[in-house]
Amino acid sequence: MNSEILGVVTMFLATIALAIPLGKYIGKVYNGDKTWADGFLNPLDHLFFKLSGINPLKEMDWKQHLIALLTVNAVWFLFSIFVLMNMGWLPLNPDANAGMSADLAFNTTISFISNTNLQHYSGESGVSYLGQMVLMLFQFISAAAGMAVCAVVFIAMKEKTTDQLGNFYNYFVKSCTRVLLPLSIVVAIVLVFNGTPMTFKGKDQFISLQADTVNVSRGPAAAMIAIKQLGTNGGGFFGVNSAHPLENPNYFTNIIENISILIIPIAMVFALGFIIKRKRFAWMVFGVMTIGFLLLLLPTIYNELNGNPAITKMNIAQPLGSMEGKEVRFGSAASAYWAITTTSTSNGSVNAMHDSLTPLSGMFALLGMMVNAFYGGVGVGFLNFYIFIIIAVFISGLMVGRTPEFLGKKIEAKEMKIAAIIALLHPLLILSGTALSSWLYAHNPTAYAGWLANPGNHGFSEILYEFTSSAANNGSGFEGLGDNTPFWNISCGIVMLLSRYLPIIGPLAIAGSLAKKKYIPESAGTLKTDTTTFGIMVFAVIFIIAALSFFPALSLGPIAEFFTIK
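Residues numbered from 1 in each chain as written. Predicted model: local features only at pLDDT ≥ 70, side-chain atom pairs only at ≥ 80, totals over all residues. Heavy atoms only, no water.

### With respect to the pattern of salt bridges
For the structure shown, the criterion picks out eleven salt bridges. E405 is the salt-bridge partner of K410, the closest N and O atoms lying 3.7 Å from each other. One salt bridge connects K517 with E415, and the closest N-O pair in it is separated by 3.0 Å. In this pair, K517 is assigned in the loop between α17 (486–516) and α18 (532–547) and E415 in helix α15 (residues 413–443), connecting sequence segments 102 residues apart. Taken as a pair, K517 and E415 share a single burial class, namely buried. A single salt-bridge network, built from bridges that share partners, covers D38, D45 and R178. (Salt bridge = Lys/Arg side-chain N within 4 Å of Asp/Glu carboxyl O. Helix = DSSP H or I, 4+ residues; strand = E, 2+ residues; numbered from the N terminus. Buried < 20%, exposed > 50% of the residue type's maximum accessible area, 1.4 Å probe, protein only.)

Dropping the structure here:
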């Protein structure tokens, strides 16, 4: 147990130690400062801009940034639909995998362009190598798009009074070439040297100890796994994701992949402090996020190390903790750590089956996605947190009898209306989808019998988890759910679409609105937003709005299940 805890602590501290200098580097990239990579990557950037006819120096307002974002995603949406539905006859398909149905291609395409990577198919058997490579490209595009929009918000917070917020395409390309691509190459090389395949050959065969002929899937896996983790994408090359021995061969690769999940979301917070020259504010944000993360992590590790109480009642020892659905090469503590890191971010990859987590551990994984702001996805994690900051500033201003101000700009009705809508959108989509599907199943269980492998409280948790994962653009699942049906493909696709772009539009509109306002210098009465007191206020807002909204649903699912097996 001590060695397992030491492994978790090492991973977390190593992540923070690497994220701080990475954040400073990202800040320099978005500020346009000179970096060590300029000499050999500037020509690559210039090539992209020349081929596309884009002037990266042309300034944009927030609406032009939004149009650019949506245009990029719309083009790739159509391309992906075509490839996924026609994989059967397209090249790079040595295992002869068939094309997807229209509803599954719709769900998969939205899933990957929205940085969700929810997979209603099994990776190695559901997609050709061409399909895998197209989806791998989307993992760069979706991650870079989120980082680019976050950079726009950072610049808006930095400037005193302006409507010119840089160039979306410049931020987008540099997010790919200066951050995602170099890190992905390093992680992919580590994976290849530890046994992860990187080949275009089809299935390989070997004779097992039982004298059976076994066909083993392989392919260009290492490259996709690297960007899936670094871009908080999470879409697995293989069906069981990072629980697969070729996708995550050993404890060392588990450390590398786990660090990759958190490093850019944390680094973006430190990049904020560097760009706006308010390091104390960045540390306040990091502190609130980290406290929330640890409040989810510590009880989850405790629950998984102590085993399943239902098995304990049977007088069966569980020296390794609750190992159902987990890999022995990782252990229960590292699996619990991964479960919280992947759901606190919008990563969604798994190294153990979340459906097998003990009930309260499953609840903490759900809460990570329901809050969706404790680190969060690359770029969009801070955008979600930004909404809570705006609400906290507004409430704090009213409490002390002053007009709410944030970084020298007045928070008025327009900004608060947008923030309130975005804050309520998340629980609305999750709870509405869960209510509809629960009603359908309860009123016609025969017609929808294939939906749930587990009825009762756990079955409700499976439904709740699927919509929570979709709305949080996470992509993990309680895989007792039979989700490859037209209902789940279309409903989850719609939720993913709304949950990706509306929470981007809202913070972008608020940041653009505030950037144009007259700057008001700080005075003795100005609300300090880089203090512990304000951090507590932000945490309270997150707890009240995000966490308590879901308490009734959690009571019907994991909490009720906990009391049935206690």
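### Here we look at the confidence of the model for the protein
Chain-level statistics for the protein give a pLDDT mean of 93 and a share of 100% at 70 or above. Considering each helix and strand of the protein separately, the mean pLDDT is smallest for helix α5 (residues 123–126), with a value of 82, and largest for helix α9 (residues 251–276), with 97. (pLDDT = per-residue confidence, 0-100.)

### Thoughts on the layout of surface pockets
Estimated volume of the largest pocket: approximately 550 Å³. Taken together, 21 residues make up the lining of the largest pocket; nearest its centre are F48, L137, F172, V173 and C176. Contributing elements (two or more residues each) for the lining of the largest pocket: α2 (38–52), α6 (129–158) and α7 (168–193). With nine residues, α7 is the largest single contributor of residues to the lining of the largest pocket. For the lining of the largest pocket, the per-class residue count stands at 18 nonpolar, three polar and no charged. (1 Å grid on protein atoms, 1.4 Å probe; cavity = no way out; pocket = protein on both sides within 12 Å on 5 of 7 lines; lining within 4 Å. Points joined across faces, edges and corners; volume = space filled by probe spheres on them. Nonpolar A, V, L, I, M, F, W, Y, C, P; charged D, E, K, R; others polar.)

### Section: helix α1 (residues 2–31)
Between its terminal C-alpha atoms α1 stretches 44 Å, which fits the 44 Å expected from 30 residues at 1.5 Å a residue. One or two residues past the end of α1 sits G32, with phi positive at roughly 85°. (Expected span 1.5 Å × (residues − 1).)

### Brief notes about the packing of α1 against helix α10 (residues 279–306)
In the contact formed by α1 and α10, the axes pass within 13 Å of each other and the chain directions differ by 165°. Taken as axis vectors, α1 and α10 run roughly antiparallel relative to one another. Remark: the crossing between α1 and α10 carries right-handed chirality. Two secondary-structure elements touch here, α1 through E4, I5, V8, F12, I16 and I20 and α10 through W283, F286, T290, F293, L294, I301 and L305. (Axes fitted to C-alpha atoms, helices over the stretch in contact; angles between N-to-C directions. Parallel < 35°, antiparallel > 145°, perpendicular 65-115°, else oblique. Left-handed = near helix turned anticlockwise from the far one by under 90°. Contact = heavy atoms within 4.5 Å.)

### Quick word on the side chain of S111
Within the secondary structure layout, S111 lies in helix α4 (residues 102–113). According to the relative accessible area criterion, S111 is buried, its value standing at 0%. Residue contacts for S111: discarding those within four places in its chain leaves T116, N117, L118 and M496.

### Topic: the nonpolar core
If you look at the biggest cluster of nonpolar residues, it comprises 180 residues, and the most contacted ones within it are M157, I264, F382, Y386 and F406. Here the element with the most residues in this core is α6; it accounts for 22 residues. Aside from chain neighbours lying at most four places away, what touches F406 is M157, F281, Y386, I389, I390, V393, I411 and T529. (Core = buried A, V, L, I, M, F, W, Y, C linked by side-chain atoms within 4.5 Å.)

### Looking at the pairing of strand β2 (residues 213–216)
As defined by bridge partners, strand β1 (residues 204–207) adjoins β2 across four bridges and the pair is classed as antiparallel. Of the residues in β2, the one forming a bridge with D204 is V216. Between the end of β1 and the start of β2, which pair antiparallel, lie five residues, with A211 showing a positive phi angle near 70°. (Pairing = 2+ DSSP bridges.)

### Observations regarding α2
Its 15 residues give α2 an end-to-end C-alpha distance of 20 Å, which sits within 8% of 21 Å, the value for a rise of 1.5 Å per residue. Here α2 has its buried residues at D38, L41, D45 and F49. Looking down the long axis of α2, one finds its buried residues gathered within 85° of arc, a one-sided arrangement. Turned more than 90 degrees away from the buried face of α2 sit G39, F40, H46, K50 and L51, all of them exposed. Considering only its buried residues, α2 is in contact with α7. At the exit of α2 stands G53, carrying a positive phi of roughly 70°. (Arc of directions from axis to C-beta.)

### Things to note about a nonpolar patch on the surface
Together, L181, I185, I189, V192, F193 and M198 give the surface a local cluster of nonpolar side chains, amounting to about 580 Å² of exposed area. Of note, V192 is situated in helix α7. (Patch = residues over 30% accessible without salt bridge, like charges linked within 9 Å, V, L, I, M, F, W, Y side chains within 5 Å. Areas by Shrake-Rupley, 256 points an atom, 1.4 Å probe, with all protein chains shown as cover.)

### Quick notes on the state of the cysteines
All chains considered together, the criterion is met by zero disulfides. There is no disulfide at C150, and the cysteine sulfur nearest it, in C176, is 15 Å away. (Disulfide = S-S within 2.5 Å.)

### What to know about the environment of G557
Inspection of the secondary structure assignment puts G557 in helix α19 (residues 551–565). In this structure G557 comes out as buried when scored by relative accessible area, which is 0%. With 197 residues separating them along the chain, G557 and L360 place their C-alpha atoms 9.8 Å apart. If we ignore the near neighbours within four places in the chain, the residues touching G557 are N457, F460 and S461.

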